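# Observations on chain architecture
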Amino acid sequence: MLRFLLPALAGSLLLSGVQAFSASPNIIIFFVDDMGMGDTSVYRDWSGNKDSAQLHTPNMERVANMGVRFTDAHSPHSRCSTSRYALLTGRYCWRTSLKYWVLFGVQCDPLIEKSRPTLASFLRNNGYRTGMVGKWHLGLGYRRSDGSPADGWDDADLTQPLADGPTDHGFDFFYGFSRSHPTSGPGGKHPNTPGQRRGPGWIHNRRITGATGRGKQLDGSYVLREIGPTLHGKAFDFLRSATTAKKPFFLYFASPANHTPHTPCKSIAGRKVAGASAFVNGKRTGSERLDFIYENDVQVGLLLDYLQRTDDPRRPGHNLFDNTLFIFASDNGAENRSKTATGPLRSNKGSTYEGGHRIPFFASWPAGKLGDGRPKTPGRTSARLLALNDLFATFAQILDKPLPDLSKGETGAEDSISQLAALRGEAGPPRPPIFPNDHSEASRKNSDKRAVVAVRSNATPVKGQWKLFLDHRFALKGELHPIELYNLAMDQREQNNLLNDPGSKPALDFLLEEAAKARGDKGSTRP
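Residues numbered from 1 in each chain as written. Predicted model: local features only at pLDDT ≥ 70, side-chain atom pairs only at ≥ 80, totals over all residues. Heavy atoms only, no water.

### Examining the environment of N500
- Tracing the sequence through the fold places N500 in the loop between β17 (482-487) and α14 (505-518).
- Residues N500 and I483, spaced 17 residues apart in sequence, show a C-alpha to C-alpha distance of 9.9 Å. (Helix = DSSP H or I, 4+ residues; strand = E, 2+ residues; numbered from the N terminus.)

Put into structure tokens, the structure is as follows:
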């Protein structure tokens, strides 16, 4: 592991530059649902989409132009619950009981233990005001009428406060919904009755806001095409409150767009959404799916405008944007199979092929030397390997705070590697391997065989970008059974399986060695 210690050592030397100002950065993670790299004009050169087919996302371009975009960034899993777990905990979800798929059904037991640190609890413990709006999808705990924990949905009293939710995992404020927006509350084909089994609708901190006391019937306030404006309003309520408190803030904006069904709102804060999306050539798209993606662009623009026009109470003479780390990312690859969405990659959401987990990821932070803060000039591009589980260690290095000490039996951020140097454009050794997971191609039906884990590295003894697939027995039993091997540097579409190629054996041996080190529910990949 010595070769992987160098990035951390190099990064520690950069801290003096990051700490050149006294205020810890505000942090916003804008996290979208099922969005491929080809779904934003930020990656038009990479995707090869024509102007007549590429959705124009000008506000996403603002972020990338002011900072840096990554072309080899990954969600740790190809579906939503698992990637959200890894994002917030810095740990691969295949180490938990959820080896593939998502938390499914109206009752989803909490996936994160209350004792496990999250990005939110880590930041709150270091002086941050923490807030979240949008999609949780990591499980909820309900209560019975007498206040005791419910076994599930059937014996839950929705008028009682939640027994387990986002505010139990580090968030001071939460306004959102339980899982994907159409499965979080009744509507459309799912009538709102006392016996509805769709979901609790809107949740504010621990309170289910629409509970009526008539069984599971809600008050009708959860409307799919009005989610966008509601999230905008609640996010800005949090931002104004956090700014008044003169504390650094962390906002996790988990947008439901563009998960199916595509339900764009009419407008947000006077900015039209439905019918307003356009291609780069200026022609309207006429697509509800692209309108829904464009809804994300409108939300991003409204946040940027607020940050740029609002004075920073902690740094007189500066606006909030200057000292805000703004990160845009997706929970997995595009659900849509169109090549305009997935670009030159194989497959899409639900796959361990690159199209399932390579994602848009771009960020800016002028005061932290992450970009120049100028929206009219092209931003920097990084080809470094990055995974969403890296944010935990990155934030820890920014704050110069230690991660949990795994050698002493502490838990937390087991698979998180700081990317601060890469974000700031500093050269460094390659990242250790990442381990994306969940492969729909492994089985036609939903079975344990889908728990495939890949080992992805740009640092093997054989030059290239190598990716080894291990079958489900790695996630379930820690056993090494390789099934596919690709060099993405020469075969980005993952068509030529090199598993039995003698010239690839050094790369294969290296990846197997790294997998052996990482395996097990109690394992880690952090040096």
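### Considerations on the side chain of D312
- Tracing the backbone through its elements, the reader meets D312 in the loop between α8 (288-309) and β11 (324-330).
- Buried within the structure, D312 lacks any salt-bridge partner; R314 is the closest side chain of opposite charge, at an N-O distance of 4.3 Å.
- Among the polar contacts made by the side chain of D312, one reaches the main-chain amide nitrogen of R314 at a distance of 2.9 Å.
- With residues near it in sequence (within four places) discarded, D312 still touches H318, N319, L320 and N323. (Buried < 20%, exposed > 50% of the residue type's maximum accessible area, 1.4 Å probe, protein only. Lys, Arg positive; Asp, Glu negative; His and termini not counted. Salt bridge = Lys/Arg side-chain N within 4 Å of Asp/Glu carboxyl O. Polar contact = N/O pair within 3.5 Å; in protein donor to acceptor, adjacent residues only side chain to side chain. Contact = heavy atoms within 4.5 Å.)

### Some remarks on the environment of H137
- Here H137 shows up in the loop between β4 (129-135) and β5 (173-177).
- Note on H137: relative accessible area 4%, which makes it buried.
- Taking the C-alpha atoms as reference points, H137 and R84, 53 residues apart in sequence, are found 7.7 Å from one another.
- Those residues within four positions of H137 in sequence are excluded, and the remaining contacts are C80, S81, R84, V102, L103, S178, R179 and S180.

### What to know about the packing of helix α4 (residues 58-66) against α8
- Where α4 contacts α8, the axes come no closer than 7 Å and their chain directions differ by 50°. In terms of orientation, α4 and α8 fall into the oblique class. Here P58, N59, M60, R62, V63 and M66 of α4 lie close against α8, whose contacting residues are I293, N296, D297, V298, V300, G301, L304, D305 and Q308.
- Among the residues making up the contact of α4 with α8, the classes are represented as 8 nonpolar, 4 polar and 3 charged. (Axes fitted to C-alpha atoms, helices over the stretch in contact; angles between N-to-C directions. Parallel < 35°, antiparallel > 145°, perpendicular 65-115°, else oblique. Nonpolar A, V, L, I, M, F, W, Y, C, P; charged D, E, K, R; others polar.)

### Structural notes on the pattern of salt bridges
- Within this structure, the stated rule accounts for 37 salt bridges.
- Between K505 and D509 there is a salt bridge whose closest N-O contact spans 2.8 Å. A residue pair is termed a helical-turn pair when its members lie 3 or 4 positions apart in one helix, as K505 and D509 do in helix α14 at 4 residues.
- Since its relative accessible area comes to 47%, K505 is described here as partly exposed.
- Owing to a relative accessible area of 35%, D509 belongs among the partly exposed residues under this scheme.

### What to know about the nonpolar core
- In terms of nonpolar packing, the biggest core is built from 60 residues, with I29, F250, Y252, F361 and F395 touching the most fellow members.
- Looking at this core element by element, the count peaks at 6 residues for helix α11 (residues 391-399).
- When residues no more than four places from it in sequence are discounted, the contact partners of F395 are I27, I29, L119, F122, L123, L325 and I327.
- In terms of nonpolar packing, the next biggest core, distinct from the first, is built from 50 residues, Y175, I227, F238 and F253 among them. (Core = buried A, V, L, I, M, F, W, Y, C linked by side-chain atoms within 4.5 Å.)

### Comments concerning the layout of surface pockets
- Roughly 330 Å³ of internal volume is contained in the second largest pocket.
- Lining the second largest pocket are 18 residues, and of these R79, W101, V102, H259 and K349 lie nearest its centre.
- The residue inventory of the lining of the second largest pocket, partitioned by class, reads 6 nonpolar, 7 polar and 5 charged. (1 Å grid on protein atoms, 1.4 Å probe; cavity = no way out; pocket = protein on both sides within 12 Å on 5 of 7 lines; lining within 4 Å. Points joined across faces, edges and corners; volume = space filled by probe spheres on them.)

### Considering the packing of aromatic side chains
- The full count for this structure, using the stated rule, is 25 aromatic pairs.
- Judged by centre distance (6.1 Å) and plane angle (50°), the ring pair of F31 and Y252 falls under tilted. Highlighted residues: F31 in strand β1 (residues 26-32) and Y252 in strand β8 (residues 249-254), separated in sequence by 221 residues.
- A relative accessible area of 0% places F31 in the buried class.
- A relative accessible area of 1% places Y252 in the buried class.
- Here the aromatic rings of F171 and Y252 are separated by 6.2 Å at their centres, their planes lie at 20°, and the arrangement is stacked. (Phe/Tyr/Trp six-rings, centres within 6.5 Å; stacked < 30°, edge-to-face > 60°.)

### A short note on α14
- Between its terminal C-alpha atoms α14 stretches 20 Å, which fits the 20 Å expected from 14 residues at 1.5 Å a residue.
- Residues of α14 that are buried: A507, L508, F510, L511, E514, A515 and A518. The arc that holds every buried residue of α14, seen down its axis, measures 165°, which confines them to one face.
- Count one or two residues on from α14 and you reach G520, which has phi positive near 100°. (Expected span 1.5 Å × (residues − 1). Arc of directions from axis to C-beta.)

### Description of the packing of helix α7 (residues 227-244) against α8
- Viewed as axis vectors pointing N to C, α7 and α8 meet at an angle of 20°, and their least axial separation amounts to 11 Å. As far as their axial angle goes, α8 and α7 are roughly parallel. For the crossing formed where α7 meets α8, the hand is right-handed. Residues G228, H232, F236, L239, R240 and T243 of α7 lie in contact with α8, whose contacting residues are E295, Q299, L302, L303 and Y306.
- For the contact of α7 with α8, a count of residues per class yields 5 nonpolar, 4 polar and 2 charged. (Left-handed = near helix turned anticlockwise from the far one by under 90°.)

### Concerning the sheet that holds strand β13 (residues 380-382)
- Here we have 10 strands laid out as an open sheet, ordered β7-β6-β5-β4-β8-β1-β11-β12-β2-β13, and mixed in their pairing. The sheet is open, and its two borders are formed by β7 (207-208) and β13, each paired with just one other strand.
- Bridge analysis of strand β6 (residues 203-204) against β7 gives 2 bridges, and the strand direction is antiparallel. What sits directly across from H204, in β7, is R207.
- Sitting on the sheet, α7 is in contact with β4, β5 and β8, with an inclination near 175° to β8. (Pairing = 2+ DSSP bridges.)

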